[in-house]
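Fold and contact review
Residue-level listing of the chains:
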Amino acid sequence: ALPPPCDSQIYCTGPILHQVQKARLFDDDKEFVDMKLRESPDVVLSAFQNLSSEFGTIPPAKLQEFLDMYFEKPGTEFEEWIPTDWHDNPKFLGGIADLQLRKWAEKIHQLWKSLGRKIRSDVKDQPELYSQIYTPHPVIVPGGRFRELYYWDSYWVINGLLLSEMTQTAHGMIQNFLYLINRYGFIPNGGRIYYERRSQPPFLTLMVESYYQATKDKEFLRAALAPLEREYQFWMQNRSVAVSANGTEYKLNRYYVEVDLPRPESYTDDLELAEGLSDEEKQQLWMDLKAGAESGWDFTSRWYIDSDGHNNNSTLGATRTSAIVPTDLNALLCLCEKTLASFHSILGDGDSAARYEEAAARRLQAIEAVLWDAERGAWFDFNLETNSSNVQFYPSNLAPVWAQCYSRSEMAEKAVQYLKKSGALRFPNGVPTSLRNSGQQWDYPNAWPPLQHMLIEGLSKLPSEEAQELAFDLAQRWIKTNWLAYTKYDAMFEKYDVEGDGKPGGGGEYEVQLGFGWTNGVALQLLDHYGANLTSGTGRVFASLLPPLVISAARMLH
Ligand SMILES: OC[C@H]1O[C@H](O[C@H]2O[C@H](CO)[C@@H](O)[C@H](O)[C@H]2O)[C@H](O)[C@@H](O)[C@@H]1O
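Anyway, here's the lowdown on the structure attached to this text. (Residues numbered from 1 in each chain as written. Predicted model: local features only at pLDDT ≥ 70, side-chain atom pairs only at ≥ 80, totals over all residues. Heavy atoms only, no water.)

**Description of the sheet that holds strand 4 (residues 116-119)**
Taken in spatial order, the 3 strands make up an open sheet running 3-4-5, and their pairing is antiparallel. Both edges of this open sheet fall to strand 3 (78-79) and strand 5 (139-140), since each of them pairs with a single strand only. The strands touched by helix 5 (residues 99-115) within the sheet are strand 4 and strand 5, with strand 4 carrying the most contacts at an inclination of about 20 degrees. (Pairing = 2+ DSSP bridges. Helix = DSSP H or I, 4+ residues; strand = E, 2+ residues; numbered from the N terminus. Contact = heavy atoms within 4.5 Å. Axes fitted to C-alpha atoms, helices over the stretch in contact; angles between N-to-C directions.)

**Focus on the pattern of salt bridges**
This structure, assessed with the given rule, holds 32 salt bridges. A salt bridge links Glu 77 to Arg 192, with the shortest nitrogen-to-oxygen separation between them at 2.6 Å. Here Glu 77, found in the loop between strand 2 (71-72) and strand 3, pairs with Arg 192, found in the loop between helix 8 (167-184) and helix 9 (204-215); they are 115 residues apart in sequence, far enough to count as distant. Arg 192 matches Glu 77 in its accessibility class, with the two residues each being buried. A salt bridge links Arg 263 to Asp 270, with the nearest nitrogen and oxygen atoms 2.8 Å apart. (Salt bridge = Lys/Arg side-chain N within 4 Å of Asp/Glu carboxyl O. Buried < 20%, exposed > 50% of the residue type's maximum accessible area, 1.4 Å probe, protein only.)

**Observations regarding the nonpolar core**
Counting 186 residues, the largest nonpolar core has Phe 32, Phe 66, Phe 71, Trp 104, Phe 203 and Leu 204 as the members making the most contacts within it. Dropping the residues within four chain positions of it, Phe 203 is found in contact with Tyr 151, Trp 152, Tyr 155, Trp 156, Leu 332, Trp 402 and Met 454. (Core = buried A, V, L, I, M, F, W, Y, C linked by side-chain atoms within 4.5 Å.)

**Some remarks on the site of the ligand**
In the vicinity of the ligand there are 21 residues, among which Asp 153, Asn 189, Glu 265, Gly 296 and Asp 298 approach most closely. Contact between the ligand and Gly 296: an oxygen atom at 2.5 Å from a main-chain N or O atom of the residue. For the shell around the ligand, the per-class residue count stands at 9 nonpolar, 5 polar and 7 charged. (Near = heavy atom within 4 Å. Polar contact = N/O pair within 3.5 Å; in protein donor to acceptor, adjacent residues only side chain to side chain. Nonpolar A, V, L, I, M, F, W, Y, C, P; charged D, E, K, R; others polar.)

**Digging into the state of the cysteines**
Disulfides are covalent bonds that link the sulfur atoms of two cysteine residues. The tally for this structure, following the rule as stated, stands at 2 disulfides. Across a sulfur-sulfur distance of 2.0 Å, Cys 6 and Cys 12 are joined as a disulfide pair. On the sign convention where negative is left-handed, the bridge of Cys 6 and Cys 12, at about 105 degrees about the S-S bond, is right-handed. What makes Cys 6 buried here is its relative accessible area of 1%. Look at Cys 12 and you get buried, because its relative accessible area is 1%. Counting only the cysteines that take part in disulfides, in the order they occur along the protein chain, gives the pairing 1-2, 3-4. (Disulfide = S-S within 2.5 Å.)

**What to know about the side chain of Arg 477**
Relative to the helices and strands, Arg 477 is located in helix 18 (residues 465-489). Residue classification places Arg 477 among the buried positions, given a relative accessible area of 14%. At 2.9 Å, the side chain of Arg 477 and the side chain of Asp 473 are in polar contact. Other than its neighbours up to four places away in sequence, Arg 477 contacts Leu 425, Phe 427, Pro 428, Asn 429 and Gly 430.

This is the structure we're talking about:
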């Protein structure tokens with residue numbers, strides 16, 4: 001028997017969850033599991049028991065009455081909080097030449113104020129009344145239905161906060177993650193108990209690296225290192241898999257969640273998807289859906305495996321995330337290993353640094369033996385059921401370029417040629433998540449901020465002019481898409497549609513959300529990096545930022 005998503009008989013298992021979600025009292029299943037209890041779980045469970053004895057299946061109107069009596073609307077777990085380190089005019093704004101883009105960057109910088117959340121101390125004192133996990137410091141949330149912290153989103157949020165000179169808020173967010181590692185041994189998907197038995201792509205080491213680069217605070221690094229290593233051990237002990245290639249056995253990582261039952265926050269979706277399956281098949285599907293959520297790509301045809309072992313014609317029910325070795329997770333862990341080595345060097349522990357360098361070298365060998373395809377010039381996910389690669393296009397096929405986790409420079413240059421030939425660059429509004437329109441949100445035509453950023457950053461680190469120009473070109477496309485959508489809707493979105501000019505993304509199991517943490521972080525990073533050259537297309541720029549030749553040409557014209 002596998003454990004449920006959490007032990008709460010209100011939020012993760014039991015008849016209240018089942019009946020409330022099945023009655024579809026809310027448009028979004030997440031609404032119910034985010035509500036606060038007005039009485040202790042025992043009182044609420046026994047009141048529900050009485051109601052069930054009377055009605056059996058409780059009619060929706062009675063269920064609603066029950067909810068009104070025993071639950072509060074989501075949101076009462078937070079108190080008013082505006083980041084205390086927010087201030088006008090951080091330096092990076094001065095490097096943005098285009099007048100419209102600079103004004104827009106100011107607006108994005110303002111958005112941190114509306115996305116800040118502080119958890120009430122009552123959540124710490126009476127945790128049984130909440131699904132919210134208590135963390136001691138305020139956070140920046142993604143926005144919309146995502147009212148709580150999210151693990152991998154926070155990497156791009158923190159990078160944005162550091163540009164906004166909000167070092168204290170960034171510090172607090174990292175402290176929260178260290179606190180979560182001390183409590184759970186790893187970092188949950190997000191700040192709710194129904195997320196507590198799965199994680200998300202492990203970006204904390206890189207968050208610490210960003211913070212360290214901004215502050216050079218060695219004491220902070222020293223304190224962070226033990227929890228970071230504990231998290232790394234969690235991934236190596238619970239998320240690794242042996243893979244054989246060319247007669248050698250390698251160790252690589254995958255997303256893997258040994259937890260039963262539907263996801264509480266998407267309960268009816270998971271229940272319906274499993275209809276008609278045997279108990280064993282249901283359990284496998286629910287594990288794989290949770291592993292999909294752990295990957296951050298929930299959901300995508302990338303995780304489908306057909307009955308013939310391939311991924312051509314299937315639908316969401318064919319999600320087999322745990323049977324796939326993902327390129328991006330392994331590239332990320334390779335970068336984490338190199339970064340942990342550098343932390344040990346900075347702190348003067350050469351032996352530990354060497355241990356992590358060796359781990360990175362072992363992973364590099366494994367990545368090249370199992371995931372690298374010299375003929376196609378890219379890295380591909382490996383299917384453990386068929387021992388074959390999935391050669392479809394995903395931006396993650398270039399993740400080792402971003403992580404600088406390859407042994408020969410020509411591999412990265414080959415990957416640039418692969419990208420150019422892939423067909424993924426023909427969209428003027430960003431690079432799609434795949435070339436397949438499955439209706440899932442991590443597929444065509446959606447383009448996601450973290451994937452754009454990793455692709456652009458990877459290309460920008462390459463020495464060739466071609467790669468650097470491509471990086472700038474993709475940054476320009478992405479900024480234009482975000483900016484156009486902002487001018488139309490006065491909002492930043494979690495994802496965009498590569499088919500429309502300034503069109504929010506769609507598909508998947510919930511409506512596109514506004515806010516939005518990682519979108520803002522990525523936009524600020526690109527505006528910072530390429531601010532002297534990016535344009536809104538309106539032609540109005542700050543003259544002082546133009547190169548001198550352009551200024552004198554402009555003067556001659558007047
Ligand atoms: O409720 C459905 C799923 O929602 C989350 O996933 C999506 O939003 C996250 C926050 O921006 C993001 O980190 C993730 O990549 C998105 O796919 C949540 O993380 C899932 O666990 C949840 O089932």
